[in-house]
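# Coordinate inspection notes
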Amino acid sequence: MERPCAWKSYDDNARAELDRLCENYRQFISENKTERECAAASVALAEQAGYVDLATCIAEGRALKAGDKVYAVCHNKTVMLVNLGTEPLADGMNILGAHIDSPRLDLKQNPLYEAGDMAYLDTHYYGGIKGYQWVATPLALHGVVCKKDGATVEVRVGEDASDPVFCISDLLVHLASEQMKKPASEAVDRESLDVIVGGRPVVIEGEDAPKEPVKEMLLQILSEKYGIDEEDFLSAEIEVVPAGAARDMGFDRSMILGYGQDDRVCAYTSLLAQLEVTDVKRTSVCLLVDKEEIGSVGATGMESRFFENTGAEIMELAGEGGTLSLRRALANSRMLSSDVSAGFDHAYADRFEKKNAAFMGRGLCFNKFTGRGGKGGSNDADAEYVAFVRRVMDDAGVAFQTCELGRVDRGGGGTIAYILAEYGMNVIDSGVAVLSMHSLWEATSKADVYEAYKGYKAFLNA
Ligand code: MN
Ligand code: MN
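Predicted, not measured: the structure shown is a model, and the values here were computed from it.

### Focus on the coordination of the manganese ion (ligand 1)
Taken together, the protein ligands of the manganese ion (ligand 1) are D262 (OD), E293 (OE), E293 (OE) and H438 (NE2), with distances of 2.1 to 2.6 Å. All donors to the manganese ion (ligand 1) come from one chain, and their sequence spacing reads D-x30-E-x144-H. Between the manganese ion (ligand 1) and the manganese ion (ligand 2), both coordinated by D262, there is a metal-metal distance of 3.1 Å. Here the residue D262 occupies a position in helix α7 (residues 261-276), and E293 occupies one in the loop between β13 (283-289) and α8 (306-317), the gap between them amounting to 31 residues. Considered together, D262 and E293 belong to a single accessibility category, that of buried residues.

The following block contains the structure:
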């Protein structure tokens with residue numbers, strides 16, 4: 001049994017809709033490369049679509065009713081959007097979830113140093129990266145510096161054509177004979193992934209000459225441009241990401257090459273679906289969460305109580321307060337937990353089992369289970385729920401495929417699905433196939449982006 005290629009089914013109207021969606025998506029991932037940027041951009045789009053801040057509703061004791069749309073933000077990094085339906089919340093919600101954090105390099109708290117007449121920023125990597133992919137490539141800095149006086153300074157350098165970029169050096173091949181014999185995991189030491197940020201010294205001679213004149217120059221520039229000093233890095237979150245915009249890929253422009261598509265391809269399409277559905281029977285929810293790449297931990301990860309607490313606040317304002325109602329709402333809910341799938345890659349065909357692999361362009365992926373070593377750690381969706389999802393997708397004409405992450409015992413991975421499943425709700429892993437997942441430039445098929453968006457809308461309306 002083989003699933004058909006979605007591209008073959010499109011008429012001119014569908015192609016035009018696909019192009020519009022993917023152009024907006026390409027722009028979204030070009031402009032938003034951190035969880036904070038994605039959260040802020042999502043809130044801006046939600047407000048345009050008529051969503052109001054839940055905090056305002058709570059402060060005013062404003063009652064919520066069917067048709068009301070609210071959002072809540074957790075520490076500027078995780079967002080929950082809720083569109084109230086006509087049925088009681090206790091009967092369950094239709095939930096879309098995806099993550100907005102991506103693998104990257106984070107600056108250390110004490111990052112700045114000078115060596116070999118150059119200034120560097122030291123990093124600690126975040127999430128699963130291959131160290132060798134991060135050298136000799138243009139990099140940008142995105143983030144915030146929080147000052148003691150309460151002010152937050154935004155940093156974003158390396159994206160505009162007129163901006164400078166940054167780089168981590170690689171060893172020249174002429175001196176690399178030993179390095180080239182190492183396994184790829186050791187070829188580049190991840191402690192040495194330090195970003196070159198300057199090479200010009202201040203010119204101060206005599207007694208006042210600084211010991212580290214290039215670092216001194218950097219500090220002068222940071223002070224002038226941002227009003228920050230070296231100690232302010234202690235309370236900064238600055239992420240090193242690939243510089244530059246996402247691009248159309250292929251002569252036929254059928255794909256998108258861009259950073260952070262894991263998992264912003266699912267996050268963006270889920271968000272759009274959430275913002276576009278109206279007059280729903282079951283309350284629709286979109287969760288865009290942080291920290292998935294490091295285990296869904298912390299206040300902004302899926303394991304935090306933010307989702308549950310926000311649900312309780314909304315139910316209170318909707319006149320359905322109380323612990324038991326909340327428990328029922330959670331247990332009766334359905335979720336598409338979306339994260340990217342490993343797209344079948346001909347160059348590494350032996351890692352995949354083709355009957356159960358995700359193919360680029362064959363539509364929205366459903367993983368009944370994930371995990372590793374005998375489905376270990378996986379949420380395994382009920383056959384009953386998979387049948388429900390099949391029906392919803394088929395009724396809405398959504399192209400979909402079912403898949404696993406590679407051959408048996410060749411690796412694996414986890415998502416946020418098991419966390420929501422703890423409430424007893426129906427959860428299935430879904431998402432978009434990606435080539436070169438976790439690399440600096442991941443590739444997706446525009447057909448899959450489009451089918452994901454259609455599938456999410458159909459699910460919210462079910
Ligand atoms: Mn990932
Ligand atoms: Mn992911």
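Read on for the rest.
### Some thoughts on unusual backbone geometry
Following D262, the chain continues into D263 via a peptide bond in cis, with omega recorded as 15°. Look at A136: it is not a glycine, yet its phi comes out positive at around 55°. Judged by relative accessible area, which is 53%, A136 ranks as exposed.

### A closer look at the layout of surface pockets
The space that makes up the largest pocket amounts to roughly 1300 Å³. If you trace the largest pocket, you find 44 residues lining it, with A342, L405, G412, M437 and H438 closest to the centre. Partitioned by chemical class, the residues of the lining of the largest pocket number 14 nonpolar, 19 polar and 11 charged. Of the volumes computed, that of the second largest pocket is approximately 550 Å³. Looking at the second largest pocket, it is lined by 22 residues, and the ones nearest its centre are M1, K355, N356, T402 and C403. When contributions to the lining of the second largest pocket are tallied by element, the ones reaching two or more residues are β16 (364-367), α10 (383-395) and β18 (400-402). Class assignment for the residues of the lining of the second largest pocket results in 10 nonpolar, 4 polar and 8 charged.

### What about the sheet that holds strand β9 (residues 195-198)?
On the basis of which strands lie adjacent, the open sheet formed by 6 strands has the order β8-β7-β10-β5-β6-β9 and antiparallel pairing. Of all the strands in the sheet, the pair left with one neighbour each is β8 (152-157) and β9. Between one strand and the next, the sheet's axes are offset by a mean angle of 30°, whatever the strand orientation. Relative to strand β6 (residues 118-126), strand β5 (residues 104-115) is paired through 8 bridges, and the arrangement is antiparallel. Paired with R104 across the strands is Y126, a residue of β6. Against the sheet, helix α6 (residues 213-226) touches β5, β6, β8 and β9, its axis set at about 125° to β5.

### Regarding the coordination of the manganese ion (ligand 2)
For the manganese ion (ligand 2), every protein donor is listed as H99 (NE2), D262 (OD), D339 (OD) and D339 (OD), and the spread of their distances is 2.1 to 2.5 Å. Mapped onto the sequence, the donors of the manganese ion (ligand 2) take the spacing H-x162-D-x76-D.

### Some points on the side chain of K291
Take K291: it is sitting in the loop between β13 and α8. Here D290 takes part through its side chain, which lies 2.9 Å from a polar atom of the side chain of K291. Contact partners of K291, with chain neighbours within four places excluded, come to K77, D101, Y126, S296, V297, T300 and G301.

### Some remarks on the pattern of salt bridges
Per the stated rule, a full pass over the model turns up 25 salt bridges. Its salt-bridge partner being R26, residue E23 comes within 2.9 Å of it at the nearest N-O pair. Here E23 and its partner R26 are both found in helix α1 (residues 12-31), 3 residues apart, which amounts to about one turn of the helix. Residue class for R26 comes out buried when judged on its relative accessible area of 19%. Of the charged contacts, one joins E159 and K33 as a salt bridge, the two residues approaching to 2.9 Å between their closest N and O atoms. Taken together, the residues span a long stretch of sequence, with E159 in the loop between β8 and α4 (177-181) and K33 in the loop between α1 and α2 (35-48) at a distance of 126 residues. One salt-bridge network, held together by shared partners, links E35, R104, D106 and E239.

### Some remarks on the packing of aromatic side chains
In total, this model carries 10 aromatic pairs according to the counting rule given. Taken together, a centroid distance of 5.8 Å and an interplanar angle of 40° make the contact between Y25 and Y268 tilted. In this pair, Y25 is assigned in helix α1 and Y268 in helix α7, connecting sequence segments 243 residues apart. For the pair shown, Y25 and Y268 are each scored as buried. The interplanar angle of 45° and the centroid separation of 4.9 Å between the aromatic rings of F28 and Y268 together place this pair among those described as tilted. Placement of the pair is F28 in helix α1 and Y268 in helix α7, with a sequence separation of 240 residues.

### Considering α10
Given a rise of 1.5 Å per residue, 13 residues ought to cover 18 Å, and the 18 Å separating the end C-alpha atoms of α10 matches this to within 8%. When we look at burial in α10, the residues that qualify are Y385, V386, F388, V389, V392 and M393. Viewed end-on, α10 has its buried residues packed into an arc of 155°, placing them on one side of the element. More than 90 degrees from the buried face of α10, the exposed residues found are A383, E384 and D395. Lining the buried residues of α10 we find β14 (334-338), β16, β18, β20 (426-431) and α12 (446-461).

### Concerning the nonpolar core
The biggest cluster of nonpolar side chains holds 61 residues, and the ones touching the most others in it are L81, L336 and M393. In terms of residues, this core owes the most to one element, α12, which gives 9 residues. Ignoring sequence-local partners within four residues, the contact set of M393 consists of L336, L364, F366, V398, F400, G455 and F459. If you look at the next biggest cluster of nonpolar residues, it comprises 32 residues, including V70, L84, M93 and A329.

Thresholds, definitions, all that
Residues numbered from 1 in each chain as written. Chains lettered and ligands numbered in written order. Predicted model: local features only at pLDDT ≥ 70, side-chain atom pairs only at ≥ 80, totals over all residues. Heavy atoms only, no water. Donors = N, O, S within 2.8 Å, 3.2 Å for Na, K, Ca; no water. Helix = DSSP H or I, 4+ residues; strand = E, 2+ residues; numbered from the N terminus. Buried < 20%, exposed > 50% of the residue type's maximum accessible area, 1.4 Å probe, protein only. 1 Å grid on protein atoms, 1.4 Å probe; cavity = no way out; pocket = protein on both sides within 12 Å on 5 of 7 lines; lining within 4 Å. Points joined across faces, edges and corners; volume = space filled by probe spheres on them. Nonpolar A, V, L, I, M, F, W, Y, C, P; charged D, E, K, R; others polar. Pairing = 2+ DSSP bridges. Axes fitted to C-alpha atoms, helices over the stretch in contact; angles between N-to-C directions. Contact = heavy atoms within 4.5 Å. Polar contact = N/O pair within 3.5 Å; in protein donor to acceptor, adjacent residues only side chain to side chain. Salt bridge = Lys/Arg side-chain N within 4 Å of Asp/Glu carboxyl O. Phe/Tyr/Trp six-rings, centres within 6.5 Å; stacked < 30°, edge-to-face > 60°. Expected span 1.5 Å × (residues − 1). Arc of directions from axis to C-beta. Core = buried A, V, L, I, M, F, W, Y, C linked by side-chain atoms within 4.5 Å.

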